[in-house]
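A look at the structure
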Amino acid sequence: MKFPWSHTTIVDMIKNDHKVEEKCHKVTADIIAGKLTIAEFVEELGPALTHTDASVRAQGTLLLSNVLKDLPPEGLTGEQLEFVSAFYCDRAKDHNAVSPMVLVGMEALSRMTNLSDAAAVRLLRSLFELIPCQSQKKPERTLYFQTIVALSERKTDALKEWGADFIYGVIGAMEGERDPRNLLYLFEQMPTFIRAYPMHHLAEEMFETFACYFPIDFHPNPNDPVPITRDTLAEKLADCLCATAEMAVFAVPLLLEKLDSSLNVAKLDSLALLGRCLALLDVKEVEEHQAELWSALKRELFPSGPSSSTDKALQEAGYAAMQALAKNASTSESSAKAFLDQTLLGVMGSLTDASSKNFEASLQVELACARASSYCAVYVIEKLVPMLLAQLNVDGFVEMRLQNILVDSLQRLMIPCAQWYCWAELDPTLLGQVQKKFIEILLQQPNASEQKRSALKALAAVPEMVTSENRYVVYNTIVNDLLTSIDKVPQTDAVEDCLYSFATRNQQEVKTVVLNKLITHDYATTEQAVIQRTFKALGKLILYHGYMEKMIDFFLSLVFAKPPPVDDRLAIVAMDTLTDVVETGNHSQLAKAELYVQYKLLDRFFEYVTDQLTSDYLYSMSRLIAAVVKQLPTDEQKDLVLKRLPTLQLQRRSHLYLASGLLGYLDESVPLVDHFESLVNDLSKLALETDDERVRQVCHRLLCSLFNRMPDDDHHRGVLKRLLAVLKTELKKHNHQAVLILGWIGKGLIARGHAEAGEIIDDVAELLDHPTLSHMAALAFEILSLEFPQLHLPLLKGLFKQKLFVWVMKKLEGKMEQYAVAHLKALVFVFKATPHAVLKMNLAKVGPVLLKCLAQDDDYTMVEALTMVGRLIRELDVFVQDHLQSLIPVLLKLATRESSMKVRIGALECLLYICKYPTFLLLPFKQTALIELQKPLDDRKRLVRNAAVAARLQWYLVGSTEEAKDDK
């Protein structure tokens, strides 16, 4: 082996050759290839490693460390590693200028596969004893920690034998660390370390090493390319503090101390950590602190003094901590009873008076305890229910507001009862009193009352408490409420929940009493909203065991009524209900096994439909067919198309809707080659000639889907070119429908990234200059840009929205001075669909267009442009700052635009956020803005007035003393 230096010139080369490290790459390659040993390389470096100048020794050590770093983990044998590790242990005694290079080498050694246990212990011992971690710079401290972590993961047994000295060394290395990135690394790695190693007598020292950072007080650098957030550090620190029960036991006194803090963030972190610690600790370790913890939580949940308001997040955290405390205590019945007695004693005064300001907080405390365990739920319910009933059943007058609060509280107590299935453990007499009260409410209260809603929700939670004779009261209430006008029964969700709860437990009764009444009801004079609500409730029962056959039979009897009724409202709602059930939750079993196979739904539709049926019926039918076909396997879809598609004549309205259902969500692998051209010709001809708007929509969407999925071959491209030729002929006749068809075809093609899409976009863009078709061309751009929820595009290529933006800008950017309303409207449609990041990247082109849009007379264009400009303003974009002189007068003018409330509000919101720009830029406009903003203060719309007040107040503060202080 010939080195790229001589034995006598190594020192000079280190001093003068800045590319010396590059020459070491060949050395690394030769060691890997076996042409050179690490010992030979160290011998060559000898003059540098033993030089009297510490800087030369440092550079020599760095060369060796870099070679080690580049070697693969298995690059050195055990014998070689013994030699190299001994060298680094000795080198750790060297001058502190050499220490950073030693750390690079030690970190490289820690990753070596063949490093022995003894060598690993020696490396760490040298590290702990000879190189103080906190004396190093940040990068070297990172290497220090990485070395410890790597060896602790790989050499666990040997380091455990080392014992407490190893733990002490790790604690000493971490103490005093301040760099957030190093801390994040430690917080992420140390929980595993703490769980893997016994802490001996150093558990408290290990805890205190992390406790000094709690709670995290950190403000990230705004210019950090990979920022670390305070919340991330706080979460990872908590993982360390409660890594084991041995650590968690020290956390409780710390948390009690931090709960006295005036900072909400400290309290929130403390409460979150408390919950995690309690899950690890034995009840005996917590008992001594229960009274202190309850007192601390009570101070947070029941604040006193002039500003006695509690932060909502802090309240929720407090209730979660109460639940954790009760859950911890529940492992011992005596401890749980003592804790619950203590808690109840603290809140009883408020719970016995529903008008107390602390009633709600007290109830929440008890509910949190009840959610902890079955024992706690029974205790809380049996203590609180008598208190609440006593306040409801007084002889004198009870204010309706208080009655509602008390009934709602009773209902909320039933939730933990349902959660723990503990109704059988409750005192039967007490349960009977609660049930009796709820039944009284159902019988006596009007339909729209809050109490009735609460009673229904309570009975839905615990239907087992209702006696057999009283169940019929519940059933009658359900039927009456479902069939009563929406205005009189706002508690639809509670009625439905109650129906499903009883339906699963008392199937035969519900079928006989509830379903028979609802199914046999005469809906002829029933309002549409009530029919929809009732059918929706019945539709959900399809998925419950034992109800499917009865429900489907009922709905299909309405769908296929013979003869077809004049009023087809019921059939339409029945189909919409079935569609929702099939689509919700992806119920393929219902669609395939029941509707398609057993009930032969599609066959019955093909036999039943005629052109005499209404468009609304046919549209709902197509949606239901599409939902069922979507759930079928590909093979069955192919068979269905092969059997049914050739029989359809698309000129017939009913057949068009059947085709829409059949093809609407067809899998892309199902071939349509034999039918493609005829489908395209029939659909395009119908779309051009029909006056029925809904038929046109069906044709447009089918064409879009067909061209999106078409094979990219000569035959299909020929079909496309022939259709485009027909459409161009129609455009010469000023046929508006041809423009829309172009838009839909273009949408299908651009979504899949087809080459012909660009040509279509060019054609539509040229129509923006057309004297009679420009408005339709702008609408075509809306079709190209927007997403349509019921449009099936099987082939979607990534970034197609960005591609549309690029195509359109390339076509139109050169004509900005000649832009008319149609051009701007088209561009706004495209901008709206384009990701915001793309718009910002092209703001030099997009910005002037948006400003021009604000000067147009089209309200839609203005509203969308204001939305985009408003987002740029909130982000304090430089483009807006450079155009404030022209933008502010335009916004002030739009703030009083009579034709659109949305424009006025959008302009006022922009004027509000513009005040965040530097004061010296805004001062020239302040007086004018204050004068102009007086006008919308008297606007006839309340929302506009509110926006005007906020904007004018912010402008009034521009340049004020307080703002100047904030700027400083």
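Residues numbered from 1 in each chain as written. Predicted model: local features only at pLDDT ≥ 70, side-chain atom pairs only at ≥ 80, totals over all residues. Heavy atoms only, no water.

1. Structural notes on the pattern of salt bridges
Enumeration over the complete set of coordinates arrives at 48 salt bridges. Across the pair Asp231 and Arg230 runs a salt bridge, and its minimum N-O distance is 3.5 Å. Its salt-bridge partner being Lys840, residue Asp877 comes within 3.4 Å of it at the nearest N-O pair. Here Lys840 lies in helix α46 (residues 836-841) and Asp877 lies in the loop between α48 (859-874) and α49 (878-882), a separation of 37 residues in the sequence. Relative accessible area serves as the criterion here: at 10%, Asp877 is assigned to the buried category. When salt bridges with common partners are traced through the structure, they connect Lys840, Arg871, Glu875 and Asp877 into a single cluster. (Salt bridge = Lys/Arg side-chain N within 4 Å of Asp/Glu carboxyl O. Helix = DSSP H or I, 4+ residues; strand = E, 2+ residues; numbered from the N terminus. Buried < 20%, exposed > 50% of the residue type's maximum accessible area, 1.4 Å probe, protein only.)

2. Some words on helix α25 (residues 428-444)
Given a rise of 1.5 Å per residue, 17 residues ought to cover 24 Å, and the 24 Å separating the end C-alpha atoms of α25 matches this to within 8%. Listed in full, the buried residues belonging to α25 are Leu430, Leu431, Val434, Gln435, Lys437, Phe438, Ile439, Ile441 and Leu442. Structurally, the start of α25 carries an N-cap: the backbone nitrogen of Thr429 is 3.1 Å from a side-chain oxygen of Asp427. (Expected span 1.5 Å × (residues − 1). Polar contact = N/O pair within 3.5 Å; in protein donor to acceptor, adjacent residues only side chain to side chain.)

3. Overview of the confidence of the model for the protein chain
Averaged over all residues, the pLDDT of the protein chain is 89; the fraction at 70 or higher stands at 95%. Averaged over each element, pLDDT in the protein chain is lowest for helix α54 (residues 961-967) (47) and highest for helix α51 (residues 901-914) (96). Counted against residues more than four places away or in other chains, residues 962-968, with its pLDDT under 50, gives four contacts. (pLDDT = per-residue confidence, 0-100. Contact = heavy atoms within 4.5 Å.)

4. What about helix α8 (residues 117-130)?
Here α8 contains 14 residues, and its C-alpha end-to-end distance of 20 Å stays within 8% of the 20 Å for a straight helix at 1.5 Å per residue. Restricting attention to buried positions, one finds in α8 the residues Ala119, Ala120, Val121, Leu123, Leu124, Ser126, Leu127 and Phe128. Buried residues along α8 sit against α6 (78-91), α7 (99-110), α9 (138-154), α10 (156-162) and α11 (164-174).

5. Quick look at the packing of aromatic side chains
Tallying each qualifying case throughout the model produces 24 aromatic pairs. When the ring of Phe187 is compared with that of Tyr213, the centres are 5.8 Å apart and the planes differ by 70°; the resulting orientation is edge-to-face. Of the two residues, Phe187 is situated in helix α12 (residues 180-196) and Tyr213 in the loop between α13 (203-211) and α14 (230-241); the sequence distance between them amounts to 26 residues. As far as burial versus exposure is concerned, Phe187 and Tyr213 are alike and both buried. Consider the rings of Phe207 and Phe250, whose centres lie 5.9 Å apart with planes at 40°: the pair is tilted. With Phe207 in helix α13 and Phe250 in the loop between α15 (245-248) and α16 (251-258), this residue pair connects regions lying 43 residues apart in the sequence. On the basis of relative accessible area, Phe250 is assigned to the partly exposed category, the value being 24%. Taken together, the ring pairs connect Phe128, Trp162, Phe166, Phe193 and Tyr197 into an aromatic cluster. Taking NZ or CZ as reference, Arg874 lies 5.3 Å from the ring centre of Tyr913, over its face. Across the ring face of Tyr956, the terminal group of Lys926 is positioned such that the distance to the ring centre comes to 5.9 Å. (Phe/Tyr/Trp six-rings, centres within 6.5 Å; stacked < 30°, edge-to-face > 60°. Lys NZ or Arg CZ within 6 Å of the ring centre and 35° of its normal.)

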